[in-house]
Amino acid sequence: MATSKKAKGKGVRVAVRGQVQGVAFRYTTVERARELGVFGWVRNEDDGTVLVHAEGPEEAVDALVEWLGEGPPGAEVDELDVDPGKVEGHEQFAIRGVSAGVFVVQEHEATAHHWDLRLEVDGVMRSWAVPKGPSMDPAQKRLAVQVEDHQKSHNDFEGKAGKGGVIVWDRGTYEQGGRVAWPEALERGHAVFVLHGEKLEGGFALQRTRPGEKPQWLLIKRKDDVARPGSDIVAESPESVVSGKTLADVIAG
Ligand code: MN
């Protein structure tokens, strides 16, 4: 990893308590942070607080913290818990916990058997063919070969295709994560995201290992509360989330 861009400045984690959700707190925090040149993220917590990770030049971070003590018009901030945080090297200030669009995993029997992972990015489905399928086990690094973008209209397709077929193995929504904004994160070859599917859940990373005409990536489950070490989800849950059929059922007609 390059160390030339050493993290500089100050990092804080701030929990903002009071009447702070439902008053555009996150959006105005992003605006303010961008004006100040502060990086990090803001998200709504289930307990009603707003949580902020902020890093950057000390004066800018302090100015954002001071602003958080007031919040936008309509907010009533009762309490600010400010803790030192690590400088993580963020290159954007983003809202976390907001859907970026849909994702789908289609199991596909063609000349080779694979699972197509597709993530909606700017209205099209960026796609990777995963020969062994996705895993919920962080120890499993799955080869994912980038293939051509697909249209969103293909997401629902299930049925025979040539001598093989396709099922909708999983689907849902996802959040873009990581320190770098999308789609630049994909262009740079390291993209972190959170899936909310029926089978796949939690943080994942796509790491490009070989560029070129058919770029090769690794699809890796991140270690989090929903990771399932030792599991083999494509074997445990082979059926379509739409029809309940397996790929073999669909091909047999
Ligand atoms: Mn395919």
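### Describing the coordination of the manganese ion
- The manganese ion binds to the protein through His108 (ND1), His114 (NE2) and Asp116 (OD), with metal-donor distances spanning 2.1 to 2.3 Å.
- Taken in chain order, the donor set of the manganese ion reads H-x5-H-x1-D.

### Let's talk about the nonpolar core
- Formed by 26 residues in total, the largest nonpolar core has its most connected members in Leu117, Leu119, Trp182, Phe193, Leu200 and Leu206.
- Looking at which element gives the most residues to this core, the answer is strand 7 (residues 113-121), with four residues.
- When sequence neighbours within four positions are dropped, the list of residues in contact with Leu117 reads Phe103, Val104, Val105, Arg126, Ser127, Trp128, Val130, Phe193, Leu206 and Leu219.
- Judged by nonpolar contacts, the second largest core, of 20 residues, contains Val12, Val42, Ala60 and Phe93.

### A look at helix 2 (residues 58-68)
- Taken together, the buried positions of helix 2 are Ala60, Val61, Leu64, Val65, Trp67 and Leu68. In an axial view of helix 2, the angular spread of the buried residues amounts to 160°, which keeps them on one side of the axis. Opposite its buried face, helix 2 presents the exposed residues Glu59 and Glu66, each directed more than 90 degrees away.
- Next to the buried residues of helix 2 lie strand 1 (10-19), helix 1 (25-36), strand 3 (50-56), strand 4 (76-84) and strand 5 (93-95).

### Thoughts on the packing of aromatic side chains
- On inspection of all chains with the given rule, the structure shows six aromatic pairs.
- Between Tyr174 and Phe193 the ring centres are 6.5 Å apart and the planes differ by 85°, which places this aromatic pair in the edge-to-face class. Of this pair, Tyr174 sits in strand 11 (residues 164-176) while Phe193 sits in strand 12 (residues 190-197); the two residues are 19 residues apart in sequence, bridging distant segments of the chain. With respect to class, Tyr174 is no different from Phe193; both count as buried.
- Between Trp182 and Phe193, the aromatic rings sit 6.2 Å apart at their centres with planes inclined by 90°, giving edge-to-face as the arrangement. Note that Trp182 is positioned in the loop between strand 11 and helix 3 (184-188) and Phe193 in strand 12, a separation of 11 residues in sequence. For the pair Trp182 and Phe193, one class covers both residues: buried.

### Notes on the pairing of strand 1
- Across seven bridges, strand 1 lies against strand 3 in antiparallel orientation. Within the sheet, the bridge partner assigned to Arg13 lies in strand 3 and is His53.

### Comments concerning the domain arrangement of the protein
- Once the domains are mapped, the protein shows domain 1 (10-95) and domain 2 (101-252).
- Each partner contributes to the interface: domain 1 provides five residues, whereas domain 2 provides five residues.
- Summed over both partners, the interface of domain 1 with domain 2 buries about 440 Å², with 38% contributed by carbon and sulfur atoms.
- When the area that domain 1 buries against domain 2 is broken down by residue, the three leading residues are His90, Glu91 and Gln92, summing to 80%.
- For the pair domain 1 and domain 2, the interface holds one salt bridge.
- Of the charged contacts, one joins Glu91 and Arg188 as a salt bridge, the two residues approaching to 2.6 Å between their closest N and O atoms.

### Observations regarding helix 1
- Over its 12 residues, helix 1 runs 16 Å from end to end, which matches the ideal 16 Å to within 8%, given 1.5 Å per residue.
- Those residues of helix 1 that fall on the buried side of the exposure criterion are Phe25, Arg26, Thr28, Thr29, Val30 and Ala33.
- On the buried face of helix 1, the contacting elements are strand 1, strand 2 (39-44), strand 3, helix 2, strand 4 and strand 5.
- The positive-phi residue at the C-terminal boundary of helix 1 is Gly37, with phi of around 80°.

### A short note on the packing of helix 1 against helix 2
- Remark: helix 1 packs on helix 2, axes separated minimally by 10 Å, with the N-to-C direction vectors making an angle of 155°. Classified by the angle between their axes, helix 1 and helix 2 sit roughly antiparallel to one another. The two elements helix 1 and helix 2 cross, and the hand of that crossing is right-handed. Contacts between helix 1 and helix 2 pair Phe25, Thr28, Thr29, Arg32, Ala33 and Leu36 from the former with Ala60, Ala63, Leu64, Trp67 and Leu68 from the latter.

Cut-offs applied
Residues numbered from 1 in each chain as written. Predicted model: local features only at pLDDT ≥ 70, side-chain atom pairs only at ≥ 80, totals over all residues. Heavy atoms only, no water. Donors = N, O, S within 2.8 Å, 3.2 Å for Na, K, Ca; no water. Core = buried A, V, L, I, M, F, W, Y, C linked by side-chain atoms within 4.5 Å. Buried < 20%, exposed > 50% of the residue type's maximum accessible area, 1.4 Å probe, protein only. Helix = DSSP H or I, 4+ residues; strand = E, 2+ residues; numbered from the N terminus. Contact = heavy atoms within 4.5 Å. Arc of directions from axis to C-beta. Phe/Tyr/Trp six-rings, centres within 6.5 Å; stacked < 30°, edge-to-face > 60°. Pairing = 2+ DSSP bridges. Domains from an automatic or database assignment. Buried area = accessible area lost by both parts, 1.4 Å probe. Salt bridge = Lys/Arg side-chain N within 4 Å of Asp/Glu carboxyl O. Expected span 1.5 Å × (residues − 1). Axes fitted to C-alpha atoms, helices over the stretch in contact; angles between N-to-C directions. Parallel < 35°, antiparallel > 145°, perpendicular 65-115°, else oblique. Left-handed = near helix turned anticlockwise from the far one by under 90°.

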